[in-house]
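# Understanding the architecture of this molecule
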Amino acid sequence: MAESSTGTLSSLHDEPLVLTEKEQIRYSRHLLLSEVGLEGQLALKNAHVCVVGCGGLGSPALLYLAAAGIGKLTFIDNDEVDLSNLQRQILYKVNHLGQGKAKSASKVLASLNNQIDVQPINARIDADNIMQHIGSPDVVLDCSDNYQTRYLLNRFCSKHQTILISGAAIGTQGQVMHFDFRRPSACYACVFPQNDYDAPLNCDNFGVLGPLLGMIGSMQALLAVNMLLGHVSGSGMRQVEAMGLSVREFQLHVDPECHNCG
């Protein structure tokens, strides 16, 4: 398994870990893979992932991260479940209508995997509370739906050398980006300069194809697992066109004039 700048990810928290008998059964298909195996599964068990936004992107991402055995999942959202959400936010059912998304998500995830630590936070992060709510995770997934939060997470993760995986989808197009800030890296603002993206364009006023969000959110979870296992590093972007089922991949470079990292 590849090493991070501070050693193997399985030793980041200095906690001796073993898989219980039930965990060996639960994750048996992972243990069969040379790309994961026992060491990799222990690294996932010892990892802390924070997901910001429990909507269309956060729903599939959280389900797959929980199922994969991420030991500690923090997820943050201050919204309530609405009927219009059910077209794409697959964590929720009709009986969750009117309930807080974070609380509802915690119940679903705990029922999926009761061997991990789930930490729901009913809040909207801002510059004043971001450290309190996010803490010190290994990976942050940006599953938010607004640029203000995306730029805030970008600044936070670059400052604290935390892996950031950012997803977005609208209409029939989506994108997922990863930034490994443990080393010098391009950032979100290098790709989308802040002054250029202030329009309040979102799913509420433009629409989005439901399965596309499932695809982008799943790619975010897959990237998180790959980066925790040391199979992916650096920075990159993938653009997805839902109607043609096409995926384009791009390398990212530091913008020398970036207000965040240039």
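Refer to the structure above for everything that follows.
Residues numbered from 1 in each chain as written. Predicted model: local features only at pLDDT ≥ 70, side-chain atom pairs only at ≥ 80, totals over all residues. Heavy atoms only, no water.

### Re helix 7 (residues 147-160)
An ideal rise of 1.5 Å per residue puts 20 Å on 14 residues; helix 7 measures up with 20 Å between its terminal C-alpha atoms. By the burial criterion, the buried members of helix 7 are Thr149, Arg150, Tyr151, Leu152, Leu153, Asn154, Phe156 and Cys157. Next to the buried residues of helix 7 lie strand 1 (48-52), helix 6 (130-134), strand 4 (139-142), strand 5 (163-170) and helix 8 (188-191). Taking the backbone nitrogen of Gln148 as reference, a side-chain oxygen 3.4 Å away marks Asn146 as the first, capping residue of helix 7. (Helix = DSSP H or I, 4+ residues; strand = E, 2+ residues; numbered from the N terminus. Expected span 1.5 Å × (residues − 1). Buried < 20%, exposed > 50% of the residue type's maximum accessible area, 1.4 Å probe, protein only. Contact = heavy atoms within 4.5 Å. Polar contact = N/O pair within 3.5 Å; in protein donor to acceptor, adjacent residues only side chain to side chain.)

### As for the packing of aromatic side chains
In total, this model carries four aromatic pairs according to the counting rule given. Arranged with centres 5.9 Å apart and planes meeting at 10°, the rings of Phe179 and Phe181 form a pair that is stacked. Neither residue differs from the other here; Phe179 and Phe181 are each classed as buried. Linked through ring pairs, Tyr147, Tyr151, Tyr188 and Phe192 together constitute an aromatic cluster. The ring of Tyr147 has Arg150 sitting right over it, with the charged end atom 4.9 Å from the ring centre. (Phe/Tyr/Trp six-rings, centres within 6.5 Å; stacked < 30°, edge-to-face > 60°. Lys NZ or Arg CZ within 6 Å of the ring centre and 35° of its normal.)

### Regarding the pattern of salt bridges
When the charged atoms of two side chains lie near each other, side chains of opposite charge can form a pair. Enumeration according to the criterion identifies five salt bridges in this entry. Lys101 is paired through a salt bridge with Asp79; the nearest N and O atoms lie 3.4 Å apart. Here Lys101 is found in helix 5 (residues 101-112), whereas its partner Asp79 is found in the loop between strand 2 (72-76) and helix 5, with 22 residues between them in sequence. We note a salt bridge from Arg183 to Asp180, for which the minimum N-O separation is 2.9 Å. (Salt bridge = Lys/Arg side-chain N within 4 Å of Asp/Glu carboxyl O.)

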